[in-house]
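# Structure assessment
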Amino acid sequence: MDDRRRVDLHAHTTASDGTLSPSELVRLACTSGLAGVAVTDHDTMDGVQEALVEGTACGVEVVPGVEISLEYKGPMVGKRGAWMHLLVYHLSPDGPLGTELADMQRWRAERNVRMIRKLAELGLPMTLDEVAAVSGGGQLGRPHFAQVMLDKGYVATRQEAFDRFLAKGGPAYEEKQRLEPDDAIARARAEGAVPVLAHPYSLGLEGDALRERLARWTDLGLCGLEVEYTEHTPAFRASLAGLAGELGLLATGGSDFHGANKTDILLGSGRDHNVRVPWAALEGIRALASR
Ligand code: AMP
Ligand code: FE
Ligand code: FE
Ligand code: ZN
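Residues numbered from 1 in each chain as written. Chains lettered and ligands numbered in written order. Predicted model: local features only at pLDDT ≥ 70, side-chain atom pairs only at ≥ 80, totals over all residues. Heavy atoms only, no water.

### Let's talk about the nonpolar core
For clarity, the cut-off: As used in this record, nonpolar core signifies buried Ala, Val, Leu, Ile, Met, Phe, Trp, Tyr and Cys residues forming a set joined through side-chain atoms within 4.5 Å. Classification of residues uses two cut-offs on accessible area relative to the type maximum, computed with a 1.4 Å probe and protein chains only: under 20% is buried, over 50% is exposed, and between them is partly exposed. Any two residues having at least one pair of non-hydrogen atoms within 4.5 Å are treated as being in contact.
Counting residues in hydrophobic clusters, the biggest one holds 47 residues, and the most contacted among them are Val 37, Leu 222 and Leu 225. Excluding residues that lie within four positions of it along the chain, Leu 225 makes contacts with Val 196, Leu 197, Leu 214, Leu 240, Leu 243, Ala 244, Leu 249, Leu 250, Ala 251 and Thr 252. Among the nonpolar cores identified, the runner-up in size contains 19 residues, and Leu 9, Leu 87, Tyr 89 and Ala 198 belong to it.

So, in structure tokens, the structure goes:
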């Protein structure tokens with residue numbers, strides 16, 4: 001069957017560090033010709049409800065999701081230490097894991113105050129209100145701090161704010177609370193949700209090291225790999241697709257759309273239109289939810 005419908009299974013809203021509200025995101029999905037879009041904010045599901053309502057209104061299937069930050073150490077990936085994010089689809093916000101995410105929000109609020117203090121000590125004063133003002137009303141994170149630093153002329157670009165101050169290990173960085181990978185995967189699956197490894201390149205692993213790690217996570221309940229991702233080379237996508245087939249994992253994908261916070265990334269197609277995710281990926285996720 002020829003099904004040309006496209007979806008995007010990784011997108012951020014003002015509930016975290018995207019610049020479109022959940023309903024604006026869904027409307028953009030609609031005008032971009034997408035049949036479905038997942039709302040996957042960092043460590044929060046606060047944008048999901050609004051998106052679901054808008055999805056019903058515009059006829060776009062909205063997949064409830066969250067992108068959870070995990071505790072992970074690995075080799076360098078470019079200039080930056082490795083990192084691990086887990087996309088979890090169809091998680092109940094009221095279940096144990098959903099409730100724990102809400103607790104993490106409180107932790108983040110305290111972290112933000114500590115970062116404000118560090119920045120003041122570095123001679124870069126700003127207030128939490130100023131950071132909140134650029135956030136669109138959701139959870140505050142480092143991209144919002146970077147925006148204020150740019151607006152105040154402390155740095156010339158948002159990337160400079162990260163490179164000099166905000167990157168992990170930088171002088172203004174504060175740790176955030178993170179879940180342990182094995183635990184997060186197993187718990188998500190045990191609750192009937194669908195855990196998918198986000199942007200696998202960020203683990204800094206390949207070949208047998210990657211295969212071995214993925215095999216272990218599959219045994220714990222991992223359901224899929226984000227194969228289609230802007231930063232993945234064609235060769236890496238091919239090897240991920242092979243691993244997905246071998247391990248019985250779904251091959252999914254998404255743009256990691258953040259609105260004006262990542263201007264080169266387009267919803268539904270990533271950078272330079274190098275991401276294409278078929279409708280079947282959304283259906284594959286839906287079929288595994290609660291099973
Ligand atoms: P936070 O949740 O406050 O820790 O912020 C995480 C977000 O900051 C990520 O989703 C990225 O968008 C951005 N980020 C983290 N590290 C870097 C970096 N080294 N360079 C650019 N952006 C980064
Ligand atoms: Fe982000
Ligand atoms: Fe991510
Ligand atoms: Zn993301």
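The discussion continues.
### Observations regarding the site of ligand 1
Short version of the rule: The criterion for a residue being near a molecule or strand is simple. One of its heavy atoms has to lie within 4 Å of it. Here a polar contact means two N or O atoms within 3.5 Å. Within protein one must be a hydrogen donor candidate and the other an acceptor candidate, and residues neighboring in sequence count only if both atoms are side-chain atoms. Calculation of accessible area relied on Shrake-Rupley with a 1.4 Å probe; when residues are assessed, cover is drawn exclusively from the protein chains displayed. Strands here mean DSSP runs of E at least two residues long; helices mean DSSP runs of H or I at least four residues long; both are numbered from the N terminus. In this classification, the charged set is Asp, Glu, Lys and Arg, the nonpolar set is Ala, Val, Leu, Ile, Met, Phe, Trp, Tyr, Cys and Pro, and all remaining amino acids, among them Gly, are polar.
For ligand 1, the full set of nearby residues is Asp 17, His 42, Arg 80, Arg 108, Arg 111, Gly 141, Arg 142, Pro 143, Gln 159, Phe 162, Ala 167 and Lys 176. For ligand 1, an oxygen atom lies 3.5 Å from a polar atom in the side chain of Asp 17. Protein chains shield 87% of the accessible area of ligand 1, which is 500 Å² for the free molecule. For the shell around ligand 1, the secondary structure elements donating two or more residues are α3 (96-121), α5 (142-151) and α6 (158-166). Broken down by class, the residue content of the shell around ligand 1 amounts to three nonpolar, three polar and six charged.

### Here's the deal with the pattern of salt bridges
Our working definition: For salt bridges, the criterion is a side-chain nitrogen of Lys or Arg within 4 Å of an Asp or Glu carboxyl oxygen.
This model, assessed by the stated rule, comprises 19 salt bridges. In this structure, Arg 211 engages Asp 208 in a salt bridge whose closest nitrogen and oxygen atoms are separated by 3.0 Å. With a gap of three residues between them, Arg 211 and Asp 208 both fall in helix α8 (residues 207-220), about one helical turn apart. Of the residues examined, Arg 211 reaches a relative accessible area of 32% and is grouped as partly exposed. Overlapping salt bridges bring together Glu 100, Asp 183 and Arg 187 as one network.

### What to know about the coordination of the iron ion (ligand 3)
Six octahedral donors around a metal ideally subtend angles of 90 or 180 degrees, whereas four tetrahedral donors ideally subtend 109.5 degrees. What counts here: Only N, O and S atoms count as donors, using a 2.8 Å limit from the metal and a wider 3.2 Å limit for Na, K and Ca, and since water is excluded some coordination spheres may look unfilled.
For the iron ion (ligand 3), the full set of protein donor atoms is Glu 67 (OE), His 85 (ND1) and His 199 (NE2), and the range of their distances to it is 2.0 to 2.3 Å. Taken in sequence order, the residues that donate to the iron ion (ligand 3) follow the motif E-x17-H-x113-H. On the basis of relative accessibility, which here comes to 10%, the residue His 85 falls in the buried class.

### Concerning the sheet that holds strand β8 (residues 224-228)
Operational definition: Strand pairing is assigned whenever DSSP identifies at least 2 bridges connecting the two strands.
Spatially, the eight strands line up as an open sheet ordered β9-β8-β7-β6-β3-β2-β1-β10, and their pairing is mixed. Every other strand in the sheet has two partners, leaving β9 (250-253) and β10 (277-278) as the edge strands with one partner each. Sheet topology note: the strand β1 (residues 6-8)/β10 ladder contains two bridges and is antiparallel. Counterpart to Val 7 in the pairing with β10 is Val 277.

Just geometry here; none of it tells us what the structure is for.
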